[in-house]
Protein chains: 2
Amino acid sequence: MSSFTTARASSAPDRVPRFHDVEDAARRIAGTVRRTPVLTNDAIDRQCRGGVHFKCENLQRGGSFKLRGATNAVSHLREMPNVTGVLTHSSGNHAAALAIAAAAHDLPAWVVMPSDAAPSKIRAVLDHGAQLTTCAPDFAAREEVAAALLAETGAAFVDSHDDPWVIAGQATAALELALEVADLEIVLVPVGGGGLIAGTVIALSQLAPRCEVIGCEPAGADDAFRSLAEGRRITEFVPRTIADGLRTPLGMMTFEIMRRHVRRVLRVEESDIQEAMRTVWERLKLVIEPSSAVAVAPLLDGAIDISGRRVGVILSGGNVGIPG
Amino acid sequence: MSSFTTARASSAPDRVPRFHDVEDAARRIAGTVRRTPVLTNDAIDRQCRGGVHFKCENLQRGGSFKLRGATNAVSHLREMPNVTGVLTHSSGNHAAALAIAAAAHDLPAWVVMPSDAAPSKIRAVLDHGAQLTTCAPDFAAREEVAAALLAETGAAFVDSHDDPWVIAGQATAALELALEVADLEIVLVPVGGGGLIAGTVIALSQLAPRCEVIGCEPAGADDAFRSLAEGRRITEFVPRTIADGLRTPLGMMTFEIMRRHVRRVLRVEESDIQEAMRTVWERLKLVIEPSSAVAVAPLLDGAIDISGRRVGVILSGGNVGIPG
């Protein structure tokens with residue numbers, strides 16, 4: 001496991017971010033990251049008998065919230081005299097986000113992606129001038145190739161979720177939501193590596209301290225649910241879900257933040273994920289990826305009762321192939 | 001044709017709206033109509049070598065810009081002592097828009113729809129408490145049934161496009177766009193009955209007087225192109241297009257406004273409409289209906305050159321079935 005540790009060691013300081021880090025992140029990312037709209041829908045509100053506010057990170061540049069964390073991390077690294085570039089490995093949205101963030105800060109970026117990554121995601125990385133190295137489609141190969149490239153290039157590693165700068169950056173989505181919608185009582189967030197939900201609880205701890213932040217994950221990748229139940233981080237599991245962004249185990253830091261602040265993680269069946277994705281397309285006119293739909297499904301399938309309550313949902317991304 | 005004239009005679013005064021009518025409409029609709037976001041996309045801008053600003057009326061309540069005109073008309077009618085309800089016939093977005101607007105103003109609404117109207121559109125009308133009468137699926141039957149209902153109910157008729165209050169309401173989409181994006185040089189607008197483009201030229205005549213407003217219509221329903229070329233309104237044609245919102249002939253008032261202010265109407269092939277719809281779904285993560293895609297296609301298929309220019313596109317609606 002030594003290469004694992006090497007290639008995941010973040011370049012950021014090893015401390016949990018606080019609210020002022022989120023405010024700092026909001027300032028740092030302002031020029032690169034879009035302030036995404038918050039939408040509501042009459043039909044969904046009638047169905048749930050509550051008020052649901054969708055924070056549309058699927059409309060973010062790069063198609064997901066990941067640009068927030070990547071941009072904050074790159075902004076910090078850009079100020080360090082010895083940083084000559086950034087590097088990550090990812091099969092998904094974080095790779096494209098780091099490419100965009102690095103290009104915006106005029107830093108070279110190296111990205112290691114598995115050879116079976118989605119062509120659209122590979123194209124997004126290349127479009128923004130990142131240097132792509134492909135590897136065998138397993139996690140060990142990604143770690144190994146990334147570790148070798150780190151040694152060779154001297155680039156700074158930016159983890160997709162277990163990094164305080166990344167967490168503080170992701171927190172800005174909830175920050176914007178809470179500044180736009182007062183008195184939120186419940187916020188639903190999809191959980192993969194945990195960067196988004198960790199950031200969300202930090203942002204809302206100040207702006208909506210009575211708000212409950214509820215994690216949502218596929219029943220076929222319920223490591224966060226089980227990790228919280230057992231009080232230890234579960235990293236060995238085989239995810240079985242169409243929600244490709246939520247197959248990642250929790251990080252050490254994100255798990256620590258979750259165990260302190262998150263009381264509930266809801267598990268969503270695959271059929272409910274697909275149904276929620278469809279409902280959002282039809283009602284909200286938004287293309288969302290399955291990982292986003294995981295945080296919508298509990299509202300529609302009756303898993304939680306939100307009658308008369310003000311609810312936020314972070315629609316995390318929209319990078320999905322179009323059927324038909 | 002007498003029933004035609006009867007059932008289309010708008011309840012509004014017969015004069016072309018001016019810019020102050022648009023400002024008035026903006027105030028009247030504020031509580032009911034959503035200020036929709038304006039989105040940009042890096043990949044589309046690179047492809048066009050210009051800056052394209054998409055005004056997202058697909059994210060409007062009811063799923064289209066039609067709520068703007070319907071709400072403005074209902075707001076005026078609500079102030080008239082002898083108006084006890086509103087009525088229209090429509091197979092599409094205007095029907096649902098009038099139902100929402102009437103409910104918001106606590107007026108009863110009657111809607112005549114053909115028996116083959118899309119179930120989702122029928123549901124939208126019923127959801128908002130409008131009284132639905134179905135009729136045979138041809139235009140003559142719609143006119144006839146609407147005329148009979150008008151006589152019976154004493155309701156005020158609200159035409160879908162050839163009504164100055166409706167036109168002034170639709171104009172608020174371009175008003176918001178121009179207030180958010182300065183120095184627009186070109187705005188692309190889909191053309192069906194002509195209410196949206198007529199409103200757009202009135203709004204931009206004050207806010208962006210040098211901006212060219214270009215109409216976009218399906219090659220299979222190019223009555224606006226031919227009407228402008230021949231200098232007379234063409235109403236007899238058989239539309240052949242998937243853009244169901246653009247099959248309507250121009251109105252008398254909308255034609256007069258277009259012939260004075262619109263220099264170019266672009267005709268778009270069906271395959272380019274489908275391709276543009278797909279590109280918007282994939283890149284912008286937005287569900288748009290074919291009628292909206294008609295105003296996007298000219299940017300992607302090279303029909304117009306926008307290198308280095310600031311362009312607006314009104315994405316008119318998102319009411320379309322999801323494939324797959």
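All values reported here derive from a predicted model rather than from experimental measurement.

Draft legend 1. The pairing of strand E2 (residues 51–56) of chain A, seen in detail. All names here are of chain A. Across the six residues of E2, five count as buried, placing the element largely inside the fold. Where strand E1 (residues 38–39) and E2 come together, two bridges link them in antiparallel fashion. Within E2, the position partnered with Leu39 by the bridge is Phe54. Pairing between E2 and strand E10 (residues 310–315): six bridges, direction parallel. By the bridge assignment, Phe54 is partnered in E10 with Val313.

Draft legend 2. Focus on the relation of the copies chain A and chain B. Relative to chain B, chain A is turned by 180° and slid 0.0 Å along the rotation axis, the superposed coordinates differing by an RMSD of 0.0 Å. The transformation relating the two chain copies, once decomposed into turn and shift, fits a two-fold axis.

Draft legend 3. Geometry of the domain arrangement of chain A. All names here are of chain A. Taken domain by domain, chain A holds domain 1 (2–10 + 67–157) and domain 2 (19–64 + 163–315). Of the residues lining the interface, 18 residues belong to domain 1; the matching set on domain 2 comes to 22 residues. For the side of domain 1 that touches domain 2, the elements supplying multiple residues, two or more each, are helix H4 (66–78) and helix H5 (93–104). Taken together, the residues that form the side of domain 1 that touches domain 2 break down as nine nonpolar, eight polar and one charged.

Draft legend 4. The arrangement of the interface of chain A and chain B in detail. Opposite the 19 residues of chain A that make contact, chain B presents 19 residues. Among the elements of the structure, helix H3 (42–48) and helix H12 (270–284) of chain A are those that each provide at least two residues to the side of chain A that touches chain B. Top element by residues in the side of chain A that touches chain B is H12(A). It accounts for three residues. Of the residues in the side of chain A that touches chain B, the class split is nine nonpolar, four polar and six charged.

Cut-offs used in this document
- Residues numbered from 1 in each chain as written.
- Chains lettered and ligands numbered in written order.
- Predicted model: local features only at pLDDT ≥ 70, side-chain atom pairs only at ≥ 80, totals over all residues.
- Buried ≥ 20, exposed ≤ 12 C-beta atoms within 10 Å, placed from the backbone.
- Helix = DSSP H or I, 4+ residues; strand = E, 2+ residues; numbered from the N terminus.
- Pairing = 2+ DSSP bridges.
- Least-squares fit on C-alpha atoms with pLDDT ≥ 70 in both.
- Domains from an automatic or database assignment.
- Contact = placed C-beta atoms within 7 Å.
- Nonpolar A, V, L, I, M, F, W, Y, C, P; charged D, E, K, R; others polar.

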